[in-house]
Amino acid sequence: MKKKRFETAVIHEGYDEKVLLGSLSTPIFQTSTYTFDSAEQGERRFAGEEEGYMYSRLGNPTVTVLEKRIAALEGGERGLAFSSGMAAVSAILVALTKANDHILASEGLYGCTFGLLTMMKEKYNIDHDFSSMATKEDIKALIKPNTACIYIETPINPTMKLIDLELVAEVAKEYDIPVVVDNTFSSPYLQRPLELGCDVVLHSATKYIGGHGDVIAGLVVGKKEFLDDVQMTTQKDMGGVMPPFDAWLLIRGLKTLPLRMDRHCINAEKVFEKLKNHEKVTNVYYPGDSSHPDYLIKQKQMKHGGGLISFEIKGSKQDAQNFLNKLSFIKLAVSLGDTETLIEHPATMTHAVVPEDERVNMGISDQLIRLSVGLEAWGDIWEDIEQALNKK
Ligand SMILES: Cc1ncc(COP(=O)(O)O)c(C=O)c1O
């Protein structure tokens, strides 16, 4: 059959109801194990000689539908689902490295990914460097003989800096180093790193892919050979698999991803315009801003600017916290990509584990606020922010 367009693939890809009694909604296979017709069949399945399910840590039919769907949306050979975004990040990084290796990472990462890199360094002497990756020379300068992978977030959480994925992929090919991209902030609707030459793309599916704040999950897409290996090593043996009900929630959430993303982006553009003109706001960071230093990269690799904005409040950390305490319906919570507008203080919340000097180097000041613009009427979102900014 002809390749489906994105808006069709989010609804149909990877599921055939005809083999499942015509059920329109993907059934939830709430089972831990699967019976074999014979001892010989069990042997063949465990030997990898016959396709079929064996035990839900090694695969589950509901989860398989989601894995096929996300693979199609990211344009990769296969998908693999995890119990959380961090289960996905850790399974991939552990699969790609061995003791004494080196990881080159983007300057700015989600706090727990930073924590994982620190732990890998302390426990296994897997060192890392951070790079702005602004030019080929920047990247080449930090590649070492033992560099096992390049790990990138773009847009970077929460500074909203961007990295040119095509440029990084070109350099990485020269050195034969795999490039892993955390695509959580964009979702495959806005950005598809594999199409730009990167090797592995992963998500905290907790965010835009789920979209409704009711599930913790991770997804990875890449080459079949690599992810077959991850499934049978760091996923099977560390065990961070996705439960079938969570897969069902994500299958449902994905169906409206394009609609939700369009609305997140439109709302964010409106709120950004208002924020940048408010006297209590000193800096606003939004990839859709035509004066953003990385705007050309956004134009090249992202469909729209996304639903996340970071901004700095005039004054001190206390002023930033006072602002947060005065909001009315906007929810003070970490996470992002939900229907509800969520707001947080990275320095003391999502990035609290990052030592202060590193945090400042990444561009996370005490006055920085991260806003995940939801699906409410943008006028209501702005009015709530405005009243909180204006209150004495
Ligand atoms: C960019 C990014 N990557 C990974 C994660 C980790 O995902 P999870 O919380 O689903 O484990 C997060 C969580 O906030 C994130 O923002």
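Report follows, based on the coordinates. Bear in mind that the values here come from a model prediction, so they are computed numbers and not experimental data.

## Digging into the overall build of the chain
Looking only at helices and strands, the chain features 15 helices and twelve strands. Here the chain has a C-alpha radius of gyration of 21 Å; the compact-globule value for 392 residues is 21 Å, and the two agree. Reported as C-alpha extents along the three principal axes, the dimensions of the chain are approximately 75 × 50 × 35 Å. Taking all contacts inside the chain whose residues are at least 6 apart in sequence as the whole, residues at least 24 apart take part in 72%. The positive charge centre, built from 43 side chains, and the negative charge centre, built from 55, are 4 Å apart in the chain.

## Here's the deal with the sheet that holds strand β1 (residues 78-82)
Taken in spatial order, the seven strands of this open sheet run β1-β7-β6-β5-β4-β2-β3, and their pairing is mixed. Lying at the two open borders of the sheet, with one neighbouring strand each, are β1 and β3 (127-131). For this sheet, the mean inter-axis angle between neighbouring strands, taken without regard to orientation, is 20°. With five bridges connecting them, β1 and strand β7 (residues 218-222) associate as antiparallel partners. Bridge pairing links F82 to G218 in β7. Across the sheet, helix α3 (residues 61-74) is in contact with β1, β6 (200-204) and β7; its angle to β1 comes to roughly 125°.

## Considerations on the sheet that holds strand β12 (residues 368-372)
Read from one edge of the open sheet, five strands run β8-β9-β12-β11-β10, paired in mixed fashion. With partners counted over all chains shown, the strands left at the sheet margins are β8 (281-285) and β10 (331-332), one partner each. Bridge count for β10 against strand β11 (residues 342-344) is two bridges, and the pairing is parallel. Bridge assignment links K331 to a residue of β11, and that residue is L342. This element, helix α11 (residues 257-275), spans β8, β9 (308-313) and β12 of the sheet and lies at about 15° to β9.

## What about helix α2 (residues 39-46)?
Along α2, the positions that sit buried rather than exposed are Q41, G42 and R45. Projected down its long axis, α2 carries its buried residues within an arc of 100°, all on one side. The exposed set on the far side of α2, more than 90 degrees from its buried face, consists of A39 and E43. Of the residues flanking the end of α2, it is G48, one or two places downstream, whose phi is positive at about 75°.

## Notes on the site of the ligand
All residues in the neighbourhood of the ligand are listed as S84, G85, M86, Y110, E153, N157, D182, T184, S204, T206, K207 and A217. Separating an oxygen atom of the ligand from a side-chain N or O atom of K207 is a distance of 2.6 Å. Notes on the ligand: free accessible area 390 Å², of which the protein chains cover 92%. One can see that the ligand is located within the second largest pocket. For the shell around the ligand, the class distribution of residues is three nonpolar, six polar and three charged.

## Quick notes on the layout of surface pockets
Volume-wise, the largest pocket comes out at about 1100 Å³. Surrounding the largest pocket, 41 residues form its lining, E51, Y53, T64, R78 and Q231 being those nearest its centre. Contributing elements (two or more residues each) for the lining of the largest pocket: α3, β1 and α9 (224-238). By residue number, the principal contributor to the lining of the largest pocket is α3, which donates eight residues.

## Regarding the nonpolar core
Membership of the largest hydrophobic core comes to 36 residues, with the highest contact counts inside it found for L66, I209, L219, M242, L250 and L257. Counting only elements with at least two residues in this core, the list comes to α1 (6-12), α3, α8 (187-190), β7, α10 (244-254) and α11. If near-sequence neighbours (up to four positions away) are discounted, L257 is found in contact with F6, S187, P188, Y189, Y208 and I209.

Conventions used here
Residues numbered from 1 in each chain as written. Predicted model: local features only at pLDDT ≥ 70, side-chain atom pairs only at ≥ 80, totals over all residues. Heavy atoms only, no water. Helix = DSSP H or I, 4+ residues; strand = E, 2+ residues; numbered from the N terminus. Rg over C-alpha atoms; globule rule 2.2 N^0.38 Å. Contact = heavy atoms within 4.5 Å. Lys, Arg positive; Asp, Glu negative; His and termini not counted. Charge placed at Lys NZ, Arg CZ, Asp CG, Glu CD. Pairing = 2+ DSSP bridges. Axes fitted to C-alpha atoms, helices over the stretch in contact; angles between N-to-C directions. Buried < 20%, exposed > 50% of the residue type's maximum accessible area, 1.4 Å probe, protein only. Arc of directions from axis to C-beta. Near = heavy atom within 4 Å. Polar contact = N/O pair within 3.5 Å; in protein donor to acceptor, adjacent residues only side chain to side chain. Areas by Shrake-Rupley, 256 points an atom, 1.4 Å probe, with all protein chains shown as cover. 1 Å grid on protein atoms, 1.4 Å probe; cavity = no way out; pocket = protein on both sides within 12 Å on 5 of 7 lines; lining within 4 Å. Sits in = over half its atoms within 2 Å of the grid points. Nonpolar A, V, L, I, M, F, W, Y, C, P; charged D, E, K, R; others polar. Points joined across faces, edges and corners; volume = space filled by probe spheres on them. Core = buried A, V, L, I, M, F, W, Y, C linked by side-chain atoms within 4.5 Å.

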